[in-house]
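So the chains spell out like this:
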Amino acid sequence: MKKIINKILYYIISGVWYGLSLLPLRLLYVISDLMFLILADFIRYRRRTILKNLHDSFPEKDEKEIIIIMLKFYHRFCDYIVETVKLMSMSKKQAMRRIKFEGVEEMNQVLEQGQSVALLLSHTFNWELISTIPYWVDKEVVCGEIYHPLENQIFDRLTLRMREKNNAVGVPMKDTLRQIISWQQQGKRHIMGYLYDQKPMWQNIHHWVDFLNHDTPVLTGAERISKATGEAVFYGDMQRVKRGYYVCRLRLIAENPKDIPNWEITDKYYQLLEETIHRQPELWLWSHKRWKRTREQFNQRFTIVNGKVVEKPKPENK
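Residues numbered from 1 in each chain as written. Predicted model: local features only at pLDDT ≥ 70, side-chain atom pairs only at ≥ 80, totals over all residues. Heavy atoms only, no water.

Let's talk about the overall build of the protein
- Scanning the protein from terminus to terminus reveals 11 helices and 11 strands.
- Since a compact globule built from 318 residues should have a radius of gyration of about 20 Å, the 21 Å found for the protein is in line with a globular shape.
- Overall size of the protein, expressed as C-alpha extent along the three principal axes, is 60 × 50 × 50 Å.
- The buried share of the protein, taken over its 318 residues, is 50%.
- The contacts of the protein with a sequence gap of at least 6 include a subset with a gap of at least 24, amounting to 76%.
- For the protein, the computed accessible surface area is about 16,900 Å², with 53% contributed by carbon and sulfur atoms.
- Charged side chains of the protein number 49 positive and 37 negative; the gap between the two group centres comes to 7 Å. (Helix = DSSP H or I, 4+ residues; strand = E, 2+ residues; numbered from the N terminus. Rg over C-alpha atoms; globule rule 2.2 N^0.38 Å. Buried < 20%, exposed > 50% of the residue type's maximum accessible area, 1.4 Å probe, protein only. Contact = heavy atoms within 4.5 Å. Areas by Shrake-Rupley, 256 points an atom, 1.4 Å probe, with all protein chains shown as cover. Lys, Arg positive; Asp, Glu negative; His and termini not counted. Charge placed at Lys NZ, Arg CZ, Asp CG, Glu CD.)

Comments concerning the packing of helix α1 (residues 2–21) against helix α7 (residues 153–164)
- The N-to-C vectors of α1 and α7 enclose an angle of 40°; their axes lie 10 Å apart at closest approach. What the angle tells us is that α1 and α7 run oblique. For the crossing formed where α1 meets α7, the hand is right-handed. On α7, the residues touching N6, L9, Y10, Y11, I13, S14, W17 and Y18 of α1 are I154, F155, R157, L158, T159, R161 and M162.
- Of the residues that constitute the contact of α1 with α7, the class distribution is 10 nonpolar, 3 polar and 2 charged. (Axes fitted to C-alpha atoms, helices over the stretch in contact; angles between N-to-C directions. Parallel < 35°, antiparallel > 145°, perpendicular 65-115°, else oblique. Left-handed = near helix turned anticlockwise from the far one by under 90°. Nonpolar A, V, L, I, M, F, W, Y, C, P; charged D, E, K, R; others polar.)

A look at the sheet that holds strand β8 (residues 232–242)
- Taken in spatial order, the 7 strands of this open sheet run β1-β9-β8-β2-β5-β3-β4, and their pairing is mixed. Both edges of this open sheet fall to β1 (99–102) and β4 (168–172), since each of them pairs with a single strand only. Averaged over all adjacent pairs, the angle separating strand axes in this sheet is 30°, with direction ignored.
- Where strand β2 (residues 117–121) lies against β8, 4 bridges are found, and the strand directions are parallel. (Pairing = 2+ DSSP bridges.)

Concerning the pattern of salt bridges
- By the definition in use, this model includes 13 salt bridges.
- We note a salt bridge from R189 to E140, for which the minimum N-O separation is 4.0 Å. Linking R189 in the loop between α8 (176–185) and β5 (190–195) with E140 in the loop between β2 and β3 (142–147), this pair joins segments that are 49 residues apart in sequence.
- Look at E140 and you get exposed, because its relative accessible area is 59%.
- Where salt bridges share partners, they join D237, R251, E275 and R279 into one cluster. (Salt bridge = Lys/Arg side-chain N within 4 Å of Asp/Glu carboxyl O.)

Thoughts on the nonpolar core
- If you look at the biggest cluster of nonpolar residues, it comprises 84 residues, and the most contacted ones within it are Y194 and W286.
- A per-element tally of this core places helix α4 (residues 63–87) first, with 10 residues.
- Once you skip the residues sitting within four places of it in the chain, Y194 turns out to touch A118, L119, L120, L121, I146, T176, I180, A222, I225 and E231.
- Grouped together as the second largest cluster of nonpolar side chains are 6 residues, W202, I205, W208 and F298 included. (Core = buried A, V, L, I, M, F, W, Y, C linked by side-chain atoms within 4.5 Å.)

Comments concerning a negative patch on the surface
- A contiguous patch of negative charge on the surface is contributed by E60, D62, E63 and E65.
- In this structure, D62 sits in the loop between α3 (47–57) and α4. (Patch = residues over 30% accessible without salt bridge, like charges linked within 9 Å, V, L, I, M, F, W, Y side chains within 5 Å.)

Points about a nonpolar patch on the surface
- Together, M1, I4, I5, I8, L9, I12, V16 and L20 make up an exposed nonpolar region whose accessible area comes to about 770 Å².
- Looking at where I8 falls in the secondary structure, it is placed in helix α1.
- Classification of I8 by relative accessible area gives partly exposed; the value is 48%.

Some points on the packing of helix α2 (residues 25–43) against α4
- In the contact formed by α2 and α4, the axes pass within 8 Å of each other and the chain directions differ by 140°. One element, α2, and the other, α4, form an angle in the oblique class. For the crossing formed where α2 meets α4, the hand is right-handed. Residues L25, L28, Y29, S32, D33, M35, F36, L39 and A40 of α2 lie in contact with α4, whose contacting residues are L71, Y74, H75, F77, C78, D79, I81, V82, E83 and K86.

These values are about where atoms sit, not about what they do.
This is the structure:
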């Protein structure tokens, strides 16, 4: 019975989403402006978290500057929502107008030489448009996007459908290495996109960086996988040109990652990401508690044994 209900809900929500996506963007932006008023002035969506993140990340800025960034963030966040809705029916021609990929020639040169690519991305608006990168590379190149399956199966299915309509392939995070090896065995070149600025689980913390005035635990999986598989590593530097139009600059971090010392690729990524954020701070996703886990907590609870993070045994009560 539950499967039937979920199926019905999927088709209803899918129909509504697709119907909204057929509206012209100028009308969707009117909806975005109304959403901004609701989120910023009435609901005050995660306002406390956003302000704390901004204050801690930019101690040199005064209160007025912080408030301006916060309000701009709400605007960009609402635009992100309606632009993502529009993606469900956006044509190839429309997509290639909305986002330009600079430096794609260098990436294509790497691919033409038979090498695959790890593309390190971030939650910088509008990252969903990067799913259109298959339009900019050889059609024989497989473009994969790593994702965390959502708990809500209906929205998980819809989000995957929206991302894959542009010929990108959704790859669950746990299957990343297995999928890359499979493509290699089939002789397929690929681009694998990693949203690399996510907060790692305790057991996945192997490295810390100084990022936005924080001692920050970071994911290292993309670096380790690229070293194991020989992928060249690029960074996707997102910039908003004007409302609804973006540029993603593809910047080479490492052509031969095996030759780079451990964690240097990850350090370089966070250095580049910080430059991106300082240029247009309102575009980064400030509404999440990115810095909940501290090194002090980690050292109290965990240790590293043979390269794996394991929990320390609890002291016995006497």
